[in-house]
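Chain and residue survey
So you can see what is in the structure, the chains are spelled out below.
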Amino acid sequence: MSATLQALGLDASTAEFLQSVPEELVPGRVARVDKGLATVFTEDGPVRASWSSSLLAEIAADPQAGPCTGDWVVLRFWPDDRITLESVLPRRTTIVRAEVGGSSRGQVLAANVDVIAIVVGLHPEPNIGRIERFLALAWESGARPVVVLTKADLVGDADALAEDVALAAPGADVLVCSATTGVGLDDVRALLDGDATLALLGSSGAGKSSLVNALAGVELLDVQEIREDGKGRHTSVRRELIVLPAGGVVIDTPGLRGIGLQESGEGLAAAFPDITALAAECKFKDCSHVMEPDCAVRAALEDGSLPYRRYESWVKLRREAAYMARRADVRLRAQAKKDWARASKSYRKDLKPRP
Ligand SMILES: Nc1nc2c(ncn2[C@@H]2O[C@H](COP(=O)(O)OP(=O)(O)O)[C@@H](O)[C@H]2O)c(=O)[nH]1
Ligand SMILES: [Mg+2]
Ligand SMILES: [Zn+2]
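Chains are numbered independently. Their residues run from 1 in the order of the written sequence. By the order in which they are written, chains take letters starting at A while ligands take numbers starting at 1. Per-residue local features of the predicted model are confined to residues with pLDDT of at least 70, and side-chain atom pairs are confined, for both listing and counting, to 80 or more; whole-chain, interface and lining totals are unaffected and use all residues. By convention in this description, side-chain values take in all heavy atoms of the structure and omit both hydrogens and water.

This next bit is on a negative patch on the surface. Taken together, E125, D157, D159, E163 and D164 make up a surface patch of like negative charges. Among the structural elements, E163 can be located in helix 4 (residues 158-167). Overall, the relative accessible area of 56% leaves E163 in the exposed class. Patches here: salt-bridge-free residues with over 30% relative accessible area, like charges joined within 9 Å, nonpolar side chains (Val, Leu, Ile, Met, Phe, Trp, Tyr) joined within 5 Å. Only the protein chains shown count as covering a residue, and every accessible area follows the Shrake-Rupley method with a 1.4 Å probe. By salt bridge we mean one thing: a side-chain nitrogen of Lys or Arg within 4 Å of a carboxyl oxygen of Asp or Glu. Charged-residue counts in this description rest on Lys and Arg as positive and Asp and Glu as negative, His and the chain ends being excluded. Charge positions come from single atoms, namely NZ of Lys, CZ of Arg, CG of Asp or CD of Glu. Numbering of helices and strands runs from the N terminus; a helix is a DSSP stretch of H or I covering at least four residues, while a strand is a stretch of E covering at least two. Buried, partly exposed and exposed residues are distinguished by accessible area as a fraction of the type maximum, computed with a 1.4 Å probe on protein chains only: under 20%, between the cut-offs, and over 50%, respectively.

This is the structure in structure tokens:
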């Protein structure tokens, strides 16, 4: 496909940044990264690019500097037909997944996303705890979260379910739609106004691919089919960054399906403004909301104004965020020790008498 940078979702700050880029470099947007190469959409169509040596050095110092889906980048075309990705432009927003096992540094899954749609099927009945987890992660990214409840054609009480979900999603819009009947799709389409970039978060089977196809009006993505023998599902290679014919960009990466929380806890506070406000009223600043006297959170539980289910969900996510923070702390201390060792080594070298 080829498209103008505008159609690829170019925003004002990135456009301004590109003004200062040397003329021989070609701008583009990363559609996917695999096998050590990036597929980059440029105004002249898609290309595959490898990393420049300066980018490799940056990645060695900070793995998050590596390109990911949604990144704006500049490319160099060499006389021998090689194409290298020279640098990644500053990211406006990042969706970061806590790395399972391995390093405590999060992995950037997608960048420069304007709106995150948390896609949830209305049938079987939505798992509210899961939606709260996705919301915390979405708020953390810097993008605007929206809950999109799909498969409305399968239930009789879509609006009642939406009201329940809205209670768990303060500050986020909750939309109801069906990819099958097309009901509510205009509201989802409006999320893409102004060539915005929309990322889809949600469990496998939620209806993300069907939604993209319905928005596009053509079959761009494979929809899961339940195999006749009931032995699980079939999915094929996925496209990750989709430029919609009517404008706007959708990011639907396999990596966004089930993701852990990243450390800061800011997203958690944004996803649970009700509990955050209550906690500020507790007698003790470090109240754990378990057994302290004059605890506003427990008082709200007792008078029923805070649902117990929501409280439990928050406790669980808070524990997870605290765990991630401790891991990050251990990593930072280890890094500080390494930096110090390196600095003192070069310092000692400087002290050596020169011949
Ligand atoms: N009835 C109904 N089924 C849907 C709808 N959207 C998706 N599905 C079905 O749900 C299943 C999973 O959809 P898919 O788009 O592959 O989900 P994904 O894994 O999130 O991409 C498929 O069998 C779809 O046909 C909808 O709006 N209504
Ligand atoms: Mg899919
Ligand atoms: Zn308390």
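Moving on from the coordinates now.
Here we come to the site of ligand 1. Proximity is defined per residue: if any heavy atom of the residue lies within 4 Å of a molecule or strand, that residue is considered near it. Every one of the 17 residues lining ligand 1 counts as a neighbour, but D153, T180, G205, K208 and S210 are closest to it. Compared with its free state, where it exposes 580 Å², ligand 1 has 84% of that area covered by protein. Of all the elements, helix 6 (residues 208-216) adds the most residues to the shell around ligand 1, at three residues. Amino acid classes used here: Ala, Val, Leu, Ile, Met, Phe, Trp, Tyr, Cys and Pro are nonpolar; Asp, Glu, Lys and Arg are charged; the rest, including Gly, are polar. When the residues that make up the shell around ligand 1 are grouped by side-chain class, the tally is four nonpolar, ten polar and three charged.

On to the sheet that holds strand 4 (residues 72-77). Two strands pair under a simple rule: DSSP has to find at least two bridges between them. The five strands are arranged 1-2-3-5-4 in a closed barrel whose pairing can be described as mixed. If you compare each strand with its neighbour and ignore which way they point, the axes differ by 55° on average. Two strands pair when backbone bridges link them, and strand 4 and strand 5 (residues 83-88) are joined in this way by five bridges, in the antiparallel orientation. When the bridges of strand 5 are listed, R76 appears paired with T84. Interaxial angle, 0 to 180 degrees, is taken between N-to-C directions of lines fitted to C-alpha atoms, where a helix line uses only the stretch in contact.

Let us now look at the coordination of the zinc ion (ligand 3). Sodium, potassium and calcium take a 3.2 Å donor cutoff, other metals 2.8 Å, and in both cases only N, O and S atoms count; water is not among them, so sites may look incomplete. In this structure, C282 (SG), C287 (SG), H289 (ND1) and C295 (SG) serve as the protein donors to the zinc ion (ligand 3), at separations of 2.1 to 2.4 Å. Ordering the donors of the zinc ion (ligand 3) by residue number gives the pattern C-x4-C-x1-H-x5-C. In this structure, C287 and C295 share a single accessibility class: buried.

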